[in-house]
Amino acid sequence: MEMKRLIILIALFGLQGTFAKIVTGPALMWTAMYNTYFSKILVIRDDSQTIYTNASYGFPVTATELLSNIGAIKTAIAVDYEDELAFWADPGYKKINKASFDTGSGDTIYEGISANTEGITVDWVAKKLYWTDASYNWIMVSDYGGDHVHVLIYTGLDRPQGIAAHPARGHLYWCDRGSVSKIERSNLNGDQRRVIVSEETDGDKISGPNGLTIDYQENRLYWTDVFLKKVMVVDLNTDAYSVREVFEENSFIYPFDIALDQYVMFITDFASNQFWIVDRTNTENRYPLEFPGSKPISLALYASWSQQPETSSCSVLNGGCHQLCVGDPGGHKCLCKDGFLLDTDQRSCVTDTHLVPGHQLLFTTSDSLCRLQVDFAHAEWPVSEYCFISGIEAGAMDFDFYQDKLYFHDKQSKYIRRMTLRENPTYEDILMSNHTVTGISIDWLASNMYWTEVESKAIYISKLDGSYKTRLVSDNVDHLQGIAVHPDEKLLFWADSGSPPRIEKSALSGYHRSYFVSTDLTTPTALTIDFNNNRLYWVDLGMQRIESINTDGDQREILTTIQYDVFSITIFQDHLFWTEQDNIVDYSHVQDKRIQVFRTGSSPDTIVAFDKSKQVLTPGPCDILNGGCDEICAPSAFGAECVCSQSASQSCSVVIRCPLEFFSGSMTASCVNTPGNSCRFKCDDYFVATTVDTPSCQDNGEWNMDTSTLCKLDITLDHFLLVGDTQRNTGKIFLINLLSPTLAYVPLPLSDVVSPIALDYDYVEGKVYWTDVEKNTINRASLDGSHQEVIADTQVEAPDGLAIDVVGRRLYWTDADFDRIETSNLDGSDRLVLLSSDLEKPRAILVESENSRLFWSDWGTSPKIEQSKLDGEGRRVLVDSGLGWPNGLALDKQDQRLFWCDASIDVIEYIDLQTRVRVTLIDLADSTSHPFGLTLTDDFIYWTDWNSDRLQRADKATGRNVVSVGHAIFGRPNDIHVFTAAETTAQPSTTATLSAKTDVTFSTPVDIGTTTPSVADNGAPAAPQGSSNIALIGGAGGGAALIIIVILVLIAVCCFRRNTETPESGPSPTEPIYCDLNDQYELGNGVVNPKYFPDPQTVDLNVQRNDARYTVQGVHQANRITTAHRQPLQHLWWSGPCHHHHRRT
């Protein structure tokens, strides 16, 4: 056992707190939060084996206080065993601190971290400290003294969390929990970055990586995953980076950090207040510890095994480096602190003569150009701006980082000028503009400049030197304001505060123009773009707020209201900055939503974040030979477009291109998309062509056909989810294909949808039904958007739940304002109040047609879940205790289990309808969840979450493996419904009115509907007036005939042929075929064309069962495939000559 003595006896100089305990031997330390303003560093003074033994036998495991202080939160912690040092992040005081276990002395290494600094690690060989900051999205490195601090990595990061150094290999590892979760690696100097595990390629193995640690003996990287509730490991010995699961703990809620030695793993679970100790040789042997009142956060194991002594070339004369010497696979590299640059000898550091060094905010005043560090809100005070140019009244401006050029409109000289951002700058007057220039935006990829002029009501373009100036947009322009270029997306945005007020977008050539935001606006002015997340931000002075929206037009949201007029906005990582009166305001808009104000010495006007991360270089169509253009090349998503100046000669050729891609399809690869040419098109998977015609490109850059109608959804899909989504001022219903490996999605082409809260699907007619709580309507439409209609809009107030009786052809819905459950025919006729007593806030509703049962939830003051027959009789309470807001309902018909989600107590539960046993399947407490919609399919349970705005999934049987699935497309996902072809085994009734069903009789229903059916002499409903009598086939033979007709129609629909290309293009060699796998199955004449499928032939059948896919062999002969495989599989397909889609038979 190691006998290293840790003596910490005195208050740390310069630190808010006291290090004052004697520690003997190895130790385990962690940061612990007690409340928002109170945290400690705790320690267990034992080796790992002793800790494990005590925990496994139930003996006391004692933790004592190492450091405590009021008014701060300590998050990440790291130690250097050889130097007897501890380092920790203190976001409360915005500092990185250190303390010596030998002398008790301590100091602050760095001041300026954000509240989202949650990862820290040491290179104990080269004596360097690394930490992540998820607010500024950068990784920093410092020497142990804090004399030289360098921003190591600041591009391509989204939300960096845990971090670990591997000095022996010269590598640095970190996890990123941004929009795409991943683990990356670089050299210790930040070079040679690469992704080693990614959600895009290893989706089932990584979802929410947080804590990292390394087994340096075996060269394996371990991490905790807060969404998978697992500990995972990747082998670092090969570049294959094999990933495997170490263990899963269903009790995990938020596994934050991990530490290990050769015997034991330690895991903190922040949300459950627990600390786990795990035997590495048998992970089934794991024991939770809890220290009352505290939430464990970050871990550090103080032991020699974790940090074996090694030598470093940085140890001798600092490796010859002037400032920072960091490890490297080849030895070491030199770095310089911010404000300095590495000289040509790669060792010395020289002062950076750049006028805007590092990461700065650049802003104008009435007579100066000034700068301010981007992290002023967290930096060591006092912080002040530095005005490096005076005597200039600059207005609109932008920069080209790679050319060190600033472009601005000089209000005095009326010129658009550019200057070098170096000492003794030079100026160029590149363009005269006598009008008010309200915005300048630089396309740094194609070297073009865009600007707006108010009086001339035009948007202009030129090269960066001012040549080839031309008017780009001038029609239908009112009062131009801000402008923003997105070079990577090849889009141009601008604000117009005229009538109507609007934000428009176009291609960079000015063509393909359209309104981008035109509702709920009054005075849009300044614009800026978050290039990392593809979001557009704008100021609306009339509405007194700042808003944002994705560049594809989705997920509009209000960020904050404003008290004063905002002149300009810019964004850097997770921070939005704006200028107002005498202030520069920093709004941390992603996580902590904090506003910090910096009062300047003069009134700031235009502001930009000057940083390399704002202008990433990517290849484009104008890179080679100016894209073939004579003057200006404007990149587009479909090739280079050429713009000619107003003074161009006749030899200058204008080139405009029609879009190559459109909703649900694209033009073929051979398409020449310039005016006068016609092109063939193909539809995306799960869509079919609507015409055999070929579109022609017109002179205005648009096709002569509405491309949005060229392809329509293939309604023969047999396994999908429907999700209702509420976004700002609009709503969508998404279809998510569960057969797609990526869960491909498409919004249904519906109109005038605002807030679809509840929905269901009628597979018989192929129609989706939904309620709209903003419009107070009940609606339906075919999946392709046709036949959209409102079926109820009177006495509808809060229709929170909706369900279809597919067999009985009836619709049921709840109304939480009228406190009742209603029913009608599917067209809205024969509308009746089914239940109205003892209901407070009925929400979810579910129909089980097979057993004629109705289930619903009620989230009133006495929440409950009830059941009745479809006629409202036989009503009884199933659950009336332990409920808060019971939302979604789902029924497992095979196991007879009724599931629900509760958004108040954050659980998903079920009750066995046969035994009445109630089970908590998933406990979502402390996970900031708000479950709403719920459904079941295959082996999974799916639900929507209002807080994460994501679709969630878990194992239906165990509740384990909770993950976000699909794409981040939702504004607020509401109800969810699953359809699988297995549902179609239930046969619909042959009549459309409730009273025609023999197994259902209503007792004294209250009629509030639009149609009251008349009754014939025999007691059956008569045909509605004005309707055709064709459905009234008399006698038993007529009923049988109608049943036959319905079956034939269903068979016809099931056998609908699917083609994803223009119909005349012929079969695709890779089109899938789906059907049941039996001993034999008939493909049918006309489905397989013998011309494309020679006979006989052995074929490979690619089989899917749940998530597993494999291959069996079959023989095709006489339009039949025979296989000896008899397992109960779900789907099969093959890649062969036949391209037609075949539904289950």
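Residues numbered from 1 in each chain as written. Predicted model: local features only at pLDDT ≥ 70, side-chain atom pairs only at ≥ 80, totals over all residues. Heavy atoms only, no water.

## Overview of the sheet that holds strand 59 (residues 665-667)
Here is step 1: Spatially, three strands are ordered 58-59-60 in an open sheet, and the strand pairing comes out antiparallel. The sheet terminates laterally at strand 58 (661-662) and strand 60 (681-683), the two strands that pair on one side only.
Here is step 2: The pairing of strand 59 with strand 60 spans three bridges and is antiparallel. Bridge assignment links Ser666 to a residue of strand 60, and that residue is Lys682. (Pairing = 2+ DSSP bridges. Helix = DSSP H or I, 4+ residues; strand = E, 2+ residues; numbered from the N terminus.)

## Some points on the pattern of salt bridges
Side chains that differ in sign of charge can pair as their charged atoms come close.
Here is step 1: Counting across every chain of the model gives 40 salt bridges.
Here is step 2: Salt-bridge contacts for Asp429 lead to Arg417; the nearest nitrogen and oxygen are separated by 2.7 Å. Taken as a pair, Asp429 in strand 38 (residues 427-432) and Arg417 in strand 37 (residues 415-420) lie far apart in primary sequence, 12 residues in all.
Here is step 3: For Arg513, the salt bridge identified is with Glu504, shortest N-O distance 2.6 Å.
Here is step 4: You can call Arg513 partly exposed: its relative accessible area is 28%.
Here is step 5: Where salt bridges share partners, they join Asp478, Asp496, Arg502, Glu504 and Arg513 into one cluster. (Salt bridge = Lys/Arg side-chain N within 4 Å of Asp/Glu carboxyl O. Buried < 20%, exposed > 50% of the residue type's maximum accessible area, 1.4 Å probe, protein only.)

## A word on the state of the cysteines
Here is step 1: Taken as a whole, this structure holds 10 disulfides when the rule is applied.
Here is step 2: Each disulfide pairs two cysteine sulfurs, and for Cys321 the partner residue is Cys334, the sulfurs being separated by 1.9 Å. For the disulfide bridge between Cys321 and Cys334, the dihedral angle about the S-S bond is near -75 degrees, and by the sign convention the bridge is left-handed. With Cys321 in the loop between strand 27 (295-302) and strand 28 (324-328) and Cys334 in strand 29 (residues 331-335), this residue pair connects regions lying 13 residues apart in the sequence. In terms of burial, Cys321 and Cys334 fall into one category: buried.
Here is step 3: In this model, Cys644 is linked to Cys652 through a disulfide, with the two sulfur atoms separated by 2.0 Å. Linking Cys644 and Cys652, the disulfide has an S-S dihedral of approximately -95 degrees and is accordingly described as left-handed. Each member of the pair, Cys644 together with Cys652, is buried. (Disulfide = S-S within 2.5 Å.)

## Observations concerning the sheet that holds strand 39 (residues 437-443)
Within a beta sheet, neighbouring strands are joined by backbone hydrogen bonds and run either parallel or antiparallel to one another.
Here is step 1: Read from one edge of the open sheet, four strands run 39-40-41-42, paired in antiparallel fashion. Edge positions in the sheet fall to strand 39 and strand 42 (470-473), since each has one partner strand and no second. For this sheet the average axis-to-axis angle between neighbouring strands, irrespective of direction, equals 30 degrees.
Here is step 2: Sheet topology places strand 39 next to strand 40 (residues 448-453); six bridges connect them, and they run antiparallel. Its bridge partner being in strand 40, Asp443 is matched across the sheet by Asn448. (Axes fitted to C-alpha atoms, helices over the stretch in contact; angles between N-to-C directions.)

## Examining the pairing of strand 9 (residues 95-100)
Regular strands place their side chains on alternate faces of the sheet.
Here is step 1: By the criterion of burial, strand 9 is predominantly enclosed, with five of the six residues buried.
Here is step 2: In terms of strand pairing, strand 8 (residues 85-90) meets strand 9 through six bridges, oriented antiparallel. For Phe87, the partnering residue across the bridge sits in strand 9 and is Lys98.
Here is step 3: Linking strand 8 back to strand 9 in an antiparallel pair, the connection comprises four residues, with Lys94 at a positive phi of about 65 degrees.
Here is step 4: As defined by bridge partners, strand 9 adjoins strand 10 (residues 106-111) across five bridges and the pair is classed as antiparallel. Bridge pairing in strand 10 links Ile96 to Tyr110.
Here is step 5: The turn linking strand 9 back onto strand 10 is made up of five residues, and Gly104 within it adopts a positive phi angle of 85 degrees.

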